[in-house]
Structure formats: C-alpha cells, structure tokens
Amino acid sequence: MTQAQVRFSSFDDYLSYSDGTDKLYELYNGKLIEVPPESGENVSIATFLLLQFVPIVGYLRLRSHGLELEVRGEPRNRYPDLTIIRDEHIPQLQPRNTIRLSMLPPLLVIEVVSPGELQRDRDYIAKRRQYEDLGIPEYWIVDPQVQSAIVLNLQDQVYQEVGIFQGYSQIVSPTFPELNLTAETLLNAGH
C-alpha cells in the first residue's frame, strides 16, 4: 500500500479530489491510504454472489468493490466487496459511486475476508461496527479460510447473528428470503 501525500480537513474536501487515476483510497485521519487490489478468490466469490442476486434485485441495484460508503470513525470510507443498494440510490450514485451519511443505507453489504489477522479484524470487528452504525439492515462476512458465511441482521440498532453457515447448510437472508444458496456452493466459487 502506498500513501498519497495529500491531507484533507473534511470528507467533502476528499470527495472533490482526483489524482487522475482509478485507484481507490481510504481516508484515514485526513490522509489517503491506497486500497490494495482484491485477491482473485475474493473477486470470484463476490462476482458469483452478484450473479446470484441479479435475478432477485436486478443488475442496477448491485454494486461491486468500487462502491464507496461514507462511514463514521476511521477510516471515513469503506469499499464493500458487494452491496445491494435501494432503488433511490440509482440516480443518487450517477455523479459519484458514493453513498453518503445523508443518504439511506444500502440494504445489504457483503465482505469476503482476505487472509491475515489484520484483515479478519477489519471485517469481523471494525467494519461490523461501522456498518451497524450506518443502519445497514444486513451484513454478511464470507470467510474462505474457515469456510463459513456469517449473516448478521440489524435489530434495534445492533447486529444479531442469523447464522454461521457451512457445508451444505442453506444460507438464510432475512432481507432476501428467495435466495437459494448453500455455503459450500458459495465458498467453492472462489476456486
């Protein structure tokens, strides 16, 4: 990861910045930290999930890794591996693929855990807190290393575990009950 030498006093200042590249950055304490590319396994799993959700919500409501979420805390933004947005987000995201704090939260955010303890802590602890704070109704943590998918559902502003899905168990999505997918099928999509 490289760090750009620009400093921002607000998220709005950051949003007006362009370095002329298509690099993704997290805004951390006013500084830009370049987000490294995703692993091939993570991209495969996220793409597989995107294809599972297209018949349910349509392609316009699905956003892959490039969707930016403004969050409270540090860093000030996140790039989920897959996000299902609301209908009203479609025109709001035309100028910039960023969901601001002033907008309604997306319906579902999915993170595929990258190898390493730091990445695990980010997805299991830090992102969970930030997504919970935003009021995102459903959050999935797909972990290829332990071969599980955890589905969390927001109840009274706190994530409650719907289940930890492994093997042949059917993944249960409270927001999208029509989804027909086993943990094994999902986790094998990365190979």
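For the structure itself, consult the block above.
Below: a short report on this structure.

1. Digging into the sheet that holds strand β12 (residues 158-165)
Strands pair in a sheet through their backbones, by hydrogen bonds, and they do so in one of two ways: parallel or antiparallel. Taken in spatial order, the six strands line up as β4-β7-β9-β10-β11-β12 in an open sheet, and their pairing is mixed. With partners counted over all chains shown, the strands left at the sheet margins are β4 (62-64) and β12, one partner each. Within the sheet, the average angular offset between the axes of one strand and its neighbour, ignoring direction, is 15°. Against the sheet, helix α4 (residues 117-134) engages β9 (108-112), β10 (138-143), β11 (148-155) and β12, with an angle of about 175° to β10.

2. A closer look at helix α2 (residues 40-57)
The end-to-end C-alpha separation of α2 is 25 Å, in line with the 26 Å expected for 18 residues at 1.5 Å each. Residues N42, I45, A46, L49, F53 and V57 constitute the buried set of α2. On the buried face of α2, the contacting elements are β4, β7 (82-84), β9, β10 and α5 (183-188). Just downstream of α2 lies G58, where phi reads positive at about 85°.

3. Considering unusual backbone geometry
Backbone phi values are negative for most residues with the exception of glycine, while trans is the configuration of most peptide bonds. E74 connects to P75 through a cis peptide bond whose omega is -10°. Examined against the element boundaries, P75 turns out to sit in the loop between β5 (68-70) and β6 (77-78). Look at Q147: it is not a glycine, yet its phi comes out positive at around 55°. Here Q147 lies in the loop between β10 and β11. Residue class for Q147 comes out partly exposed when judged on its relative accessible area of 33%. Positioned with a positive phi, D156 is a non-glycine residue whose angle comes to about 55°. Position of D156 relative to the elements: it lies in the loop between β11 and β12.

4. Some details on the pattern of salt bridges
When their charged atoms lie close together, side chains carrying opposite charge are able to pair. Counted under the stated rule, the structure contains eleven salt bridges. Its salt-bridge partner being D12, residue R100 comes within 3.0 Å of it at the nearest N-O pair. Of the two residues, R100 is situated in the loop between β8 (98-99) and β9 and D12 in helix α1 (residues 11-15); the sequence distance between them amounts to 88 residues. One salt bridge connects R61 with D87, and the closest N-O pair in it is separated by 3.7 Å. Highlighted residues: R61 in the loop between α2 and β4 and D87 in the loop between β7 and α3 (89-92), separated in sequence by 26 residues. By relative accessible area, which is 15% here, R61 ends up buried. On the accessibility criterion, D87 (52% relative accessible area) is exposed. Linked by salt bridges that have partners in common, D12, E70, R76 and R100 make up one network.

5. Re the nonpolar core
Grouped together as the largest cluster of nonpolar side chains are 23 residues, with contacts concentrated most on L49, F53, I110, W140, V142, I171 and L186. Counting only elements with at least two residues in this core, the list comes to α2, β7, β9, β10, β11 and α5. Tallying contributions element by element places α2 first for this core, with four residues. Aside from chain neighbours lying at most four places away, what touches L49 is L82, I110, W140, V142, L181 and L186. One finds I85, L134, I141 and Y159 within the second-largest nonpolar core, a separate group that totals 18 residues.

Cut-offs and rules
Residues numbered from 1 in each chain as written. Predicted model: local features only at pLDDT ≥ 70, side-chain atom pairs only at ≥ 80, totals over all residues. Heavy atoms only, no water. Pairing = 2+ DSSP bridges. Helix = DSSP H or I, 4+ residues; strand = E, 2+ residues; numbered from the N terminus. Axes fitted to C-alpha atoms, helices over the stretch in contact; angles between N-to-C directions. Contact = heavy atoms within 4.5 Å. Expected span 1.5 Å × (residues − 1). Buried < 20%, exposed > 50% of the residue type's maximum accessible area, 1.4 Å probe, protein only. Salt bridge = Lys/Arg side-chain N within 4 Å of Asp/Glu carboxyl O. Core = buried A, V, L, I, M, F, W, Y, C linked by side-chain atoms within 4.5 Å.

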